[in-house]
Amino acid sequence: AAGTAAAGTTGAIALDWALAQVGTPYLWGGETPGVGFDCSGLVQAAYRAAGITLPRVAQDQYDAGPHLPPGAPLQPGDLMFFGPSASSVTHVGIYAGIQNGQPAMVDAPHTGADVRIEPVPVTPGDSWGTDTYLGATRPTH
């Protein structure tokens, strides 16, 4: 992801930290480097490394905002949220810019998988597996 974000921005710092965790096992409730993460634990730890305190679970992280307007271009480090609806957020990842020619995020996907980079839709309302991409936030404080 080098060169995809302004070096030193909060989002870039969080993204770089999260990318360094690729390969760490998924662990429900996990928030420890080298041990395991769940999706919101990875996000919370990455932003803590960048100096920002976020709530612990994906729904609370979504609710914390600030939300990007639909269609606004994503920046590396933005948080991407998924689930059936805005009041039922089930997953979060960190936008990683364009990887292998398509938009991607780093996330802790599910039990049995490791933290990884995977392709994602960038249009709110689009399907992502069995979930819907609900939109993004750009934490700044």
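Data block above holds the structure.
Residues numbered from 1 in each chain as written. Predicted model: local features only at pLDDT ≥ 70, side-chain atom pairs only at ≥ 80, totals over all residues. Heavy atoms only, no water.

1. A word on the sheet that holds strand S7 (residues 127-128)
We apply this condition: When DSSP finds two or more bridges between a pair of strands, those strands are recorded as paired. Counting from the N terminus, the helices are the DSSP runs of H or I reaching at least four residues and the strands are the DSSP runs of E reaching at least two. Throughout, a contact is declared for two residues whenever any of their heavy atoms are within 4.5 Å. Every angle, taken between N-to-C directions, lies between 0 and 180 degrees, and every axis is a line fitted to C-alpha atoms, over only the stretch in contact when it is a helix.
Strand order in the open sheet formed by six strands is S6-S5-S4-S3-S8-S7, with antiparallel pairing between adjacent strands. The open sheet has two edge strands, strand S6 (116-119) and S7, and neither has a second partner. Sheet contacts for helix H1 (residues 10-19): strand S4 (91-99), strand S5 (102-107) and S6; angle to S4, the most-contacted strand, approximately 95°.

2. Structural notes on the side chain of serine 40
Relative to the assigned elements, serine 40 resides in helix H2 (residues 39-49). Once you skip the residues sitting within four places of it in the chain, serine 40 turns out to touch Arg56, Val57, Ala58, Gln61 and Val92.

3. A look at the environment of glycine 93
The topology assignment puts glycine 93 in strand S4. Apart from the residues within four sequence positions on either side, glycine 93 is in contact with Asp78, Leu79, Met80, Met105, Val106 and Asp107.

4. Thoughts on the pattern of salt bridges
A side chain with one charge may pair with a side chain of the opposite charge, provided their charged atoms come close. The test is simple: One side-chain nitrogen of Lys or Arg within 4 Å of one carboxyl oxygen of Asp or Glu is enough to make a salt bridge. Classification of residues uses two cut-offs on accessible area relative to the type maximum, computed with a 1.4 Å probe and protein chains only: under 20% is buried, over 50% is exposed, and between them is partly exposed.
Scanning all chains against the criterion turns up four salt bridges. A salt bridge links arginine 56 to aspartate 38, with the nearest nitrogen and oxygen atoms 3.0 Å apart. Taken as a pair, arginine 56 in the loop between H2 and helix H3 (58-64) and aspartate 38 in the loop between strand S2 (36-37) and H2 lie far apart in primary sequence, 18 residues in all. Exposure remark for arginine 56: the relative accessible area of 21% places this residue in the partly exposed category. What makes aspartate 38 buried here is its relative accessible area of 8%. Note that arginine 116 is salt-bridged to glutamate 118, the shortest N-O span being 3.3 Å. Through salt bridges with shared partners, a single ionic network connects Glu31, Asp38 and Arg56.

5. Quick word on H2
Burial within H2 is extensive, with nine of its eleven residues counted as buried. Taken together, the buried positions of H2 are occupied by Cys39, Ser40, Gly41, Leu42, Val43, Gln44, Ala45, Ala46 and Tyr47. Positive phi shows up at glycine 51, right after H2, with a value of about 90°.

6. Here we look at unusual backbone geometry
Residues glycine 65 and proline 66 are joined by a peptide bond in cis, for which omega reads -5°. Residue position: proline 66 is located in the loop between H3 and strand S3 (79-83). Despite not being glycine, asparagine 100 has its phi angle at roughly 55°, a positive value.

By themselves, these figures tell us nothing about what the structure is for.
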